[in-house]
Amino acid sequence: MKLTEEALSEQRQQDALAGRWRRLPLIQSPLLRLTLLVGLVTYLILALSSVEVNWARVAEGAGRGLEFLAAFTRPDFISRWDDIWAGLLESLTMTVTSTVIGVALAVPVGLGAARNIAPMPVYWVCRGIIAVSRTFQEVIIAILFVVMFGFGPFAGMITLAFATIGFMAKLLAEDIEDLDERQVEAVRATGAGWWQTLNHAVQPQVMPRLIGLSMYRLDINFRESAVIGIVGAGGIGATLNTSINRYEYDTSAAVLLIIIAIVLLSEYSSSFVRRWTQ
Amino acid sequence: MPVSTSPQGQPQWRLRTTKAQWLGYLAWLAGISLFLLCWKVISDNTMWVFVEDAGRQGTDLISRMLPPEWTYAHQLWLPMWDTLNIATLGTALGIMMAFPVAFLAARNTTPHPLIRSLALTIIVSSRSINSLIWAMLLVTILGPGVLAGIIAIALRSIGFVGKLLYEAIEEIHPTPVEAIAATGASRMQVMSYGVLPQVLPAFAGISVYRWDINIRESTVLGLVGAGVLVCS
Amino acid sequence: MLKLSGLGKRYPTGDRALTNIELTLPKGQVMALIGPSGAGKSTLIRCVNRLVEPTEGSVTLEGVELTRLSGQKLRQARRSMGMIFQEYALVDRLTVMENVLSGQLGYVGFWRSFLRRYPQSAVVEAFRLLERVGLPHALDKRADALSGGQRQRVGIARALLQSPKLLLVDEPTASLDPKTSRQIMRLIRELCAERELAAIINIHDVALAQQFADRIVGLRAGEIVFDGPPGELTSDILTTIYGEEDWDTTPEPEDNSVDERDDPTPPTPMARVAAGGAR
C-alpha cells in the first residue's frame with residue numbers, strides 16, 4: 001500500500017504516540033535500499049576474493065616487516081651518509097629549481113587561463129596546457145622524461161616543473177576569476193591599460209595566495225622528488241630504493257625520518273610565511 | 001607611505017623607504033643566488049650528451065606509441081579491475097583508520113594534548129610518504145600483489161583524510177556540542193550527537209575526493225610490483 | 001533547592017567573570033538574571049551545570065555538592081538541569097525528534113543512543129512534549145528547516161525531556177522578534193508552573209523579565225547588585241545595574257536585545273569544556 005506524504009506523517013505521529021519511533025531511513029524506497037545493499041555486498045565479495053594472498057610469502061615477510069619497524073628505533077644515518085647526503089642535496093636542489101621554474105611559467109599560463117582577463121583563443125590554449133599537465137601522474141611523466149633526458153636530476157627537475165605548471169596555473173586562474181570585480185573596474189576607470197590594471201588591481205589581490213600556494217607546492221615537490229627517484233629521475237628516492245632493495249632497513253628508516261622531518265619543517269615555515277604575507 | 005623632501009624643498013613620495021627597498025633587493029639577490037646554486041648542482045649531475053638528443057628520443061618514443069595497439073586492450077580488463085579494487089578497498093581501509101585519528105587530533109575533541117600530538121605525528125608521517133614508497137616497502141615485506149597495493153593506498157590515505165577531517169572538526173559550531181553535553185551525555189554520546197552530524201557532509205566529500213586521487217595513484221603502483229596496470 | 005555560595009570564576013586569561021556570588025533558589029521559583037553584556041550572566045548559569053568550571057565557591061543542588069563531582073556523577077547531576085540556549089543550539093542536521101530525544105542521552109547507554117533505540121516510554125514522552133510545545137507535525141523535519149521560534153520550542157522540549165528539576169535558560173529571546181519572544185517566555189513560565197520547576201532565566205529585556213519572573217537579580221561586572229521582586233526595580237536600580245541612562249523617557253528598553261545580542265563570554269574555553277564533557 002502506497003502512502004501519501006501526509007498520511008505517512010500522520011502514521012509516524014501515531015506510532016510515536018504509541019512509543020514506536022525509528023529514524024527515517026536515508027533512502028525512502030525499500031527496494032532501492034535492498035538493491036544497493038546487495039550490490040555493495042556483491043562488490044565487496046568479488047573484490048576481496050580477487051585479492052590473492054600468498055600466506056607463506058607473508059609469513060616469510062612478517063619477520064622482515066618487524067625488522068623494518070624495529071629499524072625506526074635505531075635509524076642508521078652514518079654508514080650510507082654519503083649516499084643519503086648526495087640524494088638529499090639532489091632532491092632539495094631539484095625542489096627549488098623546479099618550483100621556481102614551474103611558478104615562473106605558471107603565472108603567464110594562469111593569467112591566460114582566467115576567463116575574465118584573457119581573450120578566448122588564449123584561454124583555450126592555456127586551459128589545454130593545464131589539462132595535459134594535470135592528467136598524468138608525476139611518475140608517468142618522469143618515465144617519459146627519463147627516456148628523453150637520461151637518468152639524473154635534470155629529468156626529475158623537468159618533471160616537477162611540468163607538474164607545477166598545471167597545479168599552480170589552475171589555482172591561480174581560479175583565484176583571478178574569483179577576484180573582486182569592483183577593484184578592477186575602479187582601476188580601469190582611471191584609464192589604466194591592461195598591464196597597469198594587472199599590476200594595480202589583480203596583483204595585490206592574488207599575491208598573498210600565490211605565495212602561499214608556492215610554498216605549498218614547494219612542499220609537494222619535495223615529497224614527489226622522493227618518489228620519482230624510483231624511476232631513475234635522481235634525488236633521495238633513488239637512495240631509498242637502493243636501501244630497500246638491499247634490505248638495509250636501518251638506512252631506509254633514516255631516509256624516511258629525514259623526509260618526514262623536512263616536510264614538518266616546511267609545513268611550519270609555510271604557515272609562518274602565510275601569516276606574514278596576509 | 002614615506003614622504004621625503006627633495007633638495008628643492010618639494011615633497012617626494014616613494015612606495016617604500018630606502019631601507020625597505022634595500023632589504024627587498026637583498027632578498028631578491030639571495031633568492032636568485034640560491035636558484036643559480038641549485039641549478040649548478042643539477043647541471044653538474046647531468047650528462048648533457050643525453051639531454052642533447054632528447055628530441056630524437058622523444059619522437060622515437062611517441063612514434064612507437066602511435067598508433068595505439070587496440071588488440072592489446074582486451075588484456076587490460078583484469079589489471080583495470082585490480083586497480084579499481086586497490087583504490088576502493090585501500091580508500092575504505094584508510095578512511096576507517098583515519099576517522100578515529102582525526103577525532104584524536106582535533107583540538108576540540110582530543111582527550112589529551114599528548115594524544116593530540118601523537119595523532120598529528122601519525123598524520124604527518126602518513127602524508128610525508130607517497131603511496132609508491134609505502135608500496136615499495138610493503139612489496140619487500142608481503143611480496144608483490146594486490147594486497148601490498150591496498151595497504152599502501154590505505155596508509156597514505158590516513159594522513160590526507162585525517163588532516164582534512166580534523167580541520168573540519170575544529171570548525172564546527174560549538175553551541176550544539178555544548179547543548180548535548182548539558183543534557184548529561186557521555187563523551188561518546190557528545191561525539192555522536194553533537195560533532196558527527198556536523199562533520200558528516202565534509203567527511204563524505206573528503207572520502208570521495210581521496211577515492212578519486214587513489215584511482216590515479218593505484219595505476220602507477222604496478223611499477224614496484226603492487227598491482228599491475230603499468231608493468232605489463 | 002539550588003544554593004550558590006562564594007561562587008567565583010576567573011578565566012585563564014586573568015579576566016574575572018564572577019566574584020563571590022551568593023544565591024539561593026527555592027523550588028518552583030522563576031528568577032530572571034539581568035545585567036549588561038559582559039556582566040557574567042552566561043558564565044553564571046554555565047557554572048551551575050559546569051559547562052564552565054567555577055574557580056572558587058560551591059554549587060549545591062538538593063543537598064548535592066556539584067563542583068567536586070566528576071564523570072558519571074556529574075552526568076547524573078546534569079540530567080536534572082535542563083538548559084535552553086540563545087541560538088537554540090539544535091543539531092541542524094538531525095531531525096526534530098532526534099533533537100528532542102537527545103534530552104534522554106543522560107539516561108541511555110551509548111549504543112542505544114547511537115542506533116536511536118530509545119525506550120518506548122521516552123519516545124512517548126518526547127512526542128507528548130512536542131505536542132505540548134505545538135510541533136507534533138514537525139517530527140521528521142530537519143531542525144534547520146524550522147523558524148526561530150519553532151526551533152526554540154524544540155530546544156525547550158529537549159530540555160524538558162531530561163525531567164529536570166531546574167531550568168537554566170540563556171537568553172531565550174535574544175534572536176526572536178517581540179511577539180515570538182513573549183510567546184516563548186509565556187511557554188517557559190507555564191511549563192515551570194506545570195512541573196514545579198525552578199528556573200534561572202538570563203535575559204536582556206528588562207520589560208519581559210519584569211512581566212514573567214517572580215524575582216529579579218541584577219548582575220554588574222560579576223557581582224550581584226540587586227535582588228528582589230520585579231516591583232522593586234526602579235530606574236535608580238537600573239542605573240546601578242546598567243549605568244547612566246534616562247530610563248523613564250524610554251517607554252520600554254526593548255530594543256536592547258538587538259544591539260546587545262552578541263555573547264560576551266569567550267567561546268573557546270566554553271567549547272573546549274563542553275566537548276571534553278566531564279573533565
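Keep in mind the model is a prediction, meaning the values are calculated, not measured. (Residues numbered from 1 in each chain as written. Chains lettered and ligands numbered in written order. Predicted model: local features only at pLDDT ≥ 70, side-chain atom pairs only at ≥ 80, totals over all residues. Heavy atoms only, no water.)

Caption draft 1: Spatial organisation of the overall build of chain B. Across its full length, chain B carries nine helices and two strands. Listing every helix and strand of chain B by position from the N terminus yields β-β-α-α-α-α-α-α-α-α-α. Relative to its full complement of 232 residues, chain B shows a buried share of 46%. Summed over its atoms, the accessible surface of chain B is roughly 12100 Å², and 71% of this surface lies on carbon and sulfur atoms. (Helix = DSSP H or I, 4+ residues; strand = E, 2+ residues; numbered from the N terminus. Buried < 20%, exposed > 50% of the residue type's maximum accessible area, 1.4 Å probe, protein only. Areas by Shrake-Rupley, 256 points an atom, 1.4 Å probe, with all protein chains shown as cover.)

Caption draft 2: Layout of a nonpolar patch on the surface. All names here are of chain A. Residues Phe77, Ile78, Trp81, Trp85, Leu89 and Leu257 make up a contiguous nonpolar surface patch of about 560 Å² in total accessible area. Here the nonpolar patch gets three residues from one element, more than from any other, and that element is helix H4 (residues 81-112). By the element assignment, tryptophan 81 lies in helix H4. Given the relative accessible area of 36%, tryptophan 81 is considered partly exposed. (Patch = residues over 30% accessible without salt bridge, like charges linked within 9 Å, V, L, I, M, F, W, Y side chains within 5 Å. Salt bridge = Lys/Arg side-chain N within 4 Å of Asp/Glu carboxyl O.)

Caption draft 3: Region of interest: the sheet that holds strand E6 (residues 81-84) of chain C. Residue and element names in this part refer to chain C. Across the sheet, six strands lie side by side as E6-E7-E8-E3-E9-E10; this open sheet has mixed pairing. If you trace the sheet from one side to the other, it starts and ends with E6 and strand E10 (223-228), each paired once. Neighbouring strand axes in the sheet, compared pairwise and without regard to direction, differ in orientation by 20 degrees on average. Across four bridges, the pairing between strand E3 (residues 30-34) and strand E8 (residues 198-202) is parallel. Opposite alanine 32, over in E8, you have isoleucine 201 as the bridge partner. (Pairing = 2+ DSSP bridges. Axes fitted to C-alpha atoms, helices over the stretch in contact; angles between N-to-C directions.)

Caption draft 4: View of the pattern of salt bridges. Counted by the stated rule, this structure contains 29 salt bridges over all chains. The partner of A:Arg217 in a salt bridge is A:Glu138, and the shortest N-O contact between them spans 3.4 Å. One end of the pair, A:Arg217, is in helix H9 (residues 194-228); the other, A:Glu138, is in helix H6 (residues 138-149), with 79 residues separating them in the sequence. For the pair formed by A:Arg217 and A:Glu138, the shared burial category is buried. The salt bridge partner of C:Glu190 is C:Arg132, with a shortest N-O separation of 3.0 Å. Of this pair, C:Glu190 sits in helix H7 (residues 178-195) while C:Arg132 sits in helix H5 (residues 120-132), and the two are 58 residues apart along the sequence. Residue class for C:Arg132 comes out partly exposed when judged on its relative accessible area of 29%. The network of salt bridges with common partners includes A:Arg80, A:Asp83, A:Arg246 and A:Glu248.

Caption draft 5: Representation of H4(A) in the model. Over its 32 residues, H4(A) runs 46 Å from end to end, which matches the ideal 46 Å to within 8%, given 1.5 Å per residue. The sharpest bend along H4(A) measures roughly 30 degrees and falls at A:Ala106, with the proline A:Pro108 sitting one to four residues further on. (Expected span 1.5 Å × (residues − 1). Bend = angle between axes of the 7 residues up to and from the residue.)

Caption draft 6: View of the pairing of strand E4 (residues 56-61) of chain C. Residue and element names in this part refer to chain C. The sheet contact formed by strand E1 (residues 2-10) and E4 spans five bridges and is antiparallel. The residue bridging serine 5 from the neighbouring strand is serine 58, located in E4. Across two bridges, the pairing between E4 and strand E5 (residues 64-65) is antiparallel. Note on E5: the bridge partner recorded for leucine 61 is valine 64.

Caption draft 7: Quick peek at the interface of chain A and chain B. In this complex, chain A contributes 55 residues to the contact, which on the side of chain B involves 46 residues. One can count zero salt bridges joining chain A with chain B. Remark: the boundary between chain A and chain B carries eight residue pairs in polar contact (both at pLDDT 80 or more). Per-element tally for the side of chain A that touches chain B: the top contributor is H4(A), with eight residues. (Contact = heavy atoms within 4.5 Å. Polar contact = N/O pair within 3.5 Å; in protein donor to acceptor, adjacent residues only side chain to side chain.)

Caption draft 8: Just the domain arrangement of chain B, in detail. Its domain assignment divides chain B into domain 1 (3-50) and domain 2 (76-224). A C-alpha centroid distance of 43 Å is found between domain 1 of chain B and domain 2 of chain B. (Domains from an automatic or database assignment.)

Caption draft 9: Up close: the interface of chain C and chain A. Tallying the contact residues gives 17 residues for chain C and twelve residues for chain A. Interface of chain C and chain A: buried area, both sides summed, is about 1300 Å²; carbon and sulfur atoms make up 61% of it. Three residues, C:Arg116, C:Phe127 and C:Asp140, lead the burial of chain C against chain A; their summed loss comes to 34% of the area buried on that side. At the boundary of chain C with chain A, the tally comes to two salt bridges. Linking A:Arg12 and C:Asp140 is a salt bridge whose minimum nitrogen-to-oxygen distance equals 2.7 Å. The tally of links between chain C and chain A comes to two residue pairs in polar contact (both at pLDDT 80 or more). Looking at the side of chain C that touches chain A, the elements that each hand over two or more residues are helix H3 (96-101) and H5 of chain C. (Buried area = accessible area lost by both parts, 1.4 Å probe.)

Caption draft 10: Layout of the UniProt feature "domain: ABC transporter" (unreviewed entry) in chain C. With numbering matched to this structure, UniProt assigns "domain: ABC transporter" (unreviewed entry) to residues 2-246 of chain C. The annotated region residues 2-246 of chain C carries 36% helix and 24% strand content, and the separation between its end C-alpha atoms amounts to 36 Å. (UniProt positions renumbered as here; feature names shortened; annotations may be inferred.)

Caption draft 11: Focus on the domain arrangement of chain C. Residue and element names in this part refer to chain C. Split into domains, chain C comes out as domain 1 (2-80 + 164-276) and domain 2 (91-161). Counting the surface lost from both domain 1 and domain 2, the interface buries some 1300 Å², and carbon and sulfur atoms represent 61% of this. Looking at the side of domain 1 facing domain 2, the largest losses of area belong to Arg79, Leu187 and Arg195, adding up to 37% of the total buried there. Along the contact surface separating domain 1 from domain 2 lie three salt bridges. Its salt-bridge partner being glutamate 125, residue arginine 195 comes within 3.8 Å of it at the nearest N-O pair. If you look at where domain 1 meets domain 2, you find four residue pairs in polar contact (both at pLDDT 80 or more). At the level of elements, helix H2 (72-79) and H7 are the ones that each hand at least two residues to the side of domain 1 that touches domain 2. A per-element tally of the side of domain 1 that touches domain 2 places H7 first, with nine residues.

Caption draft 12: Looking closely at the nonpolar core. Membership of the largest hydrophobic core comes to 125 residues, with the highest contact counts inside it found for C:Leu2, C:Leu4, C:Met97, C:Leu166, C:Leu167 and C:Leu233. Every residue in contact with C:Leu4, bar those within four places of it in the chain, is listed here: C:Ile21, C:Glu22, C:Leu23, C:Leu44, C:Val48, C:Ser58 and C:Val59. (Core = buried A, V, L, I, M, F, W, Y, C linked by side-chain atoms within 4.5 Å.)

Caption draft 13: Main features of the sheet that holds E1(C). Residue and element names in this part refer to chain C. Reading across the sheet, the four strands line up as E2-E1-E4-E5 and stay open at both edges, with antiparallel pairing between neighbours. At either margin of the open sheet sits one strand with a lone partner, and together these are strand E2 (16-25) and E5. Two elements, E1 and E2, share six bridges in a ladder whose sense is antiparallel. By the bridge assignment for E2, lysine 9 is matched with leucine 18. Packed on one face of the sheet, helix H1 (residues 41-48) meets E1, E2 and E4 and runs near 120 degrees to E1.

Caption draft 14: View of the confidence of the model for chain C. In the predicted model, chain C carries a mean pLDDT of 83, and the fraction of residues at 70 or more is 89%. Per-residue pLDDT stays below 50 along residues 252-279 of chain C; that stretch engages in 46 contacts with residues further than four places along the chain or on separate chains. (pLDDT = per-residue confidence, 0-100.)

Caption draft 15: How the structure looks around the packing of aromatic side chains. Throughout the structure, instances matching the rule amount to 18 aromatic pairs over all chains. When the ring of B:Trp22 is compared with that of B:Tyr25, the centres are 5.8 Å apart and the planes differ by 80 degrees; the resulting orientation is edge-to-face. On the criterion of helical spacing, the pair formed by B:Trp22 and B:Tyr25 is a turn pair, its members being three residues apart in helix H1 (residues 18-44). Given a relative accessible area of 58%, B:Trp22 falls into the exposed group. According to the relative accessible area criterion, B:Tyr25 is partly exposed, its value standing at 48%. An aromatic cluster is defined as three or more aromatic residues linked by ring pairs; in this entry it consists of A:Phe145, A:Phe149, A:Phe154, A:Phe162 and B:Trp39. In this structure, A:Arg217 packs its charged tip against the face of A:Phe167, placed 4.9 Å from the ring centre. A cation sits over an aromatic face here: B:Arg210 above B:Phe160, 4.8 Å from the ring centre. (Phe/Tyr/Trp six-rings, centres within 6.5 Å; stacked < 30°, edge-to-face > 60°. Lys NZ or Arg CZ within 6 Å of the ring centre and 35° of its normal.)

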